[in-house]
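# Structure at a glance
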Amino acid sequence: MTCKHCGASISEHDVKCPYCDSYIDHGTANNSYNNGAPMQNRQAFRVQGPDEPQPIFIVISLLIPLFGFIIGAVNISGGHPKSGRLYLILGAVSFFLLFCGTFMFPMMFMLPFFHMK
Ligand SMILES: [Zn+2]
């Protein structure tokens, strides 16, 4: 193959051109590090796909508030603030309803007994 930078004939296995000292582009997987936006790809964690709320996560957030908080936090930190906020809100609403269901409904059932006295 020939060096793209100086046109010299070089070995296929060379990492660097021995003539002009420039790195050889073999067109392999590590190509992405040289162009585009490698910093964004190398982020430790990133949620896949577009920033659209997923129905399965909405259901989970409503059923299990704790998971709503976790999924919300994960999405916000992973680059999906819009859907992350939605999961957090749904988790909060679900938590509120669960709280009401746990503490308010027994009280509502007990109220008539207090009035009977
Ligand atoms: Zn060269």
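Worth saying up front: this structure is predicted, and the values here are computed from it rather than measured.

Looking only at helices and strands, the protein has four helices and zero strands in total. Each helix and strand of the protein, ordered N terminal to C terminal, gives the series α-α-α-α. Scored against the burial criterion, the 117 residues of the protein give a buried share of 20%. For the protein, long-range pairs separated by at least 24 residues make up 40% of all intrachain contacts whose partners lie at least 6 apart in sequence. Working note: accessible area of the protein is about 8900 Å², and carbon and sulfur atoms make up 69% of it.

Another point: the coordination of the zinc ion. Within the protein, Cys 3 (SG), Cys 6 (SG), Cys 17 (SG) and Cys 20 (SG) serve as the donor atoms for the zinc ion, at 2.3 Å. Considering all four donor atoms around the zinc ion, the spread of angles at the metal, 107 to 113 degrees, places the coordination shape in the tetrahedral class. Motif for the zinc ion, donor spacing along one chain: C-x2-C-x10-C-x2-C. With Cys 6 in the segment before helix H1 (38-41) and Cys 17 in the segment before H1, the pair connects residues that are 11 residues apart, well separated along the chain. Among the residues examined, Cys 6 registers a relative accessible area of 39% and is labelled partly exposed. Cys 17 gets classed as buried once you look at its relative accessible area, which sits at 1%.

Further remarks concern the packing of aromatic side chains. Here the structure, examined in full by the defined rule, presents two aromatic pairs. Their ring planes at 75 degrees and their centres at 5.8 Å tell us that Phe 57 and Tyr 87 sit as a pair that is edge-to-face. Of the two residues, Phe 57 sits in helix H2 (residues 55-63) while Tyr 87 sits in helix H4 (residues 81-116), which places them 30 residues apart along the sequence. A relative accessible area of 0% means that Tyr 87 is categorised as buried. With centroids separated by 4.9 Å and ring planes inclined at 45 degrees, the aromatic side chains of Phe 99 and Phe 103 adopt a geometry described as tilted. Taken together, the residues Phe 99 and Phe 103, both in helix H4 and four residues apart, mark about one turn of the helix. A relative accessible area of 39% means that Phe 99 is categorised as partly exposed.

Take the UniProt feature "transmembrane region" (unreviewed entry) in the protein next. Mapped onto the present numbering, the UniProt feature "transmembrane region" (unreviewed entry) falls on residues 56-74 and 86-114. For residues 56-74, the helix share is 95%, the strand share is 0%, and the end-to-end C-alpha distance is 15 Å.

This part is about the side chain of Ser 22. Among the secondary structure elements, Ser 22 is positioned in the segment before H1. Judged by relative accessible area, which is 14%, Ser 22 ranks as buried. When neighbours within four sequence positions are excluded, Ser 22 is seen to be in contact with Cys 3, His 5, Val 15, Lys 16 and Cys 17.

In this section: the environment of Leu 63. If you trace the backbone, Leu 63 turns up in helix H2. When the C-alpha positions of Leu 63 and Gly 91 are compared, they lie 8.3 Å apart, and in sequence the two are 28 residues distant.

Conventions and cut-offs
Residues numbered from 1 in each chain as written. Predicted model: local features only at pLDDT ≥ 70, side-chain atom pairs only at ≥ 80, totals over all residues. Heavy atoms only, no water. Helix = DSSP H or I, 4+ residues; strand = E, 2+ residues; numbered from the N terminus. Buried < 20%, exposed > 50% of the residue type's maximum accessible area, 1.4 Å probe, protein only. Contact = heavy atoms within 4.5 Å. Areas by Shrake-Rupley, 256 points an atom, 1.4 Å probe, with all protein chains shown as cover. Donors = N, O, S within 2.8 Å, 3.2 Å for Na, K, Ca; no water. Tetrahedral: all angles 85-135°; square planar, octahedral: opposite > 155°, others 65-115°. Phe/Tyr/Trp six-rings, centres within 6.5 Å; stacked < 30°, edge-to-face > 60°. UniProt positions renumbered as here; feature names shortened; annotations may be inferred.

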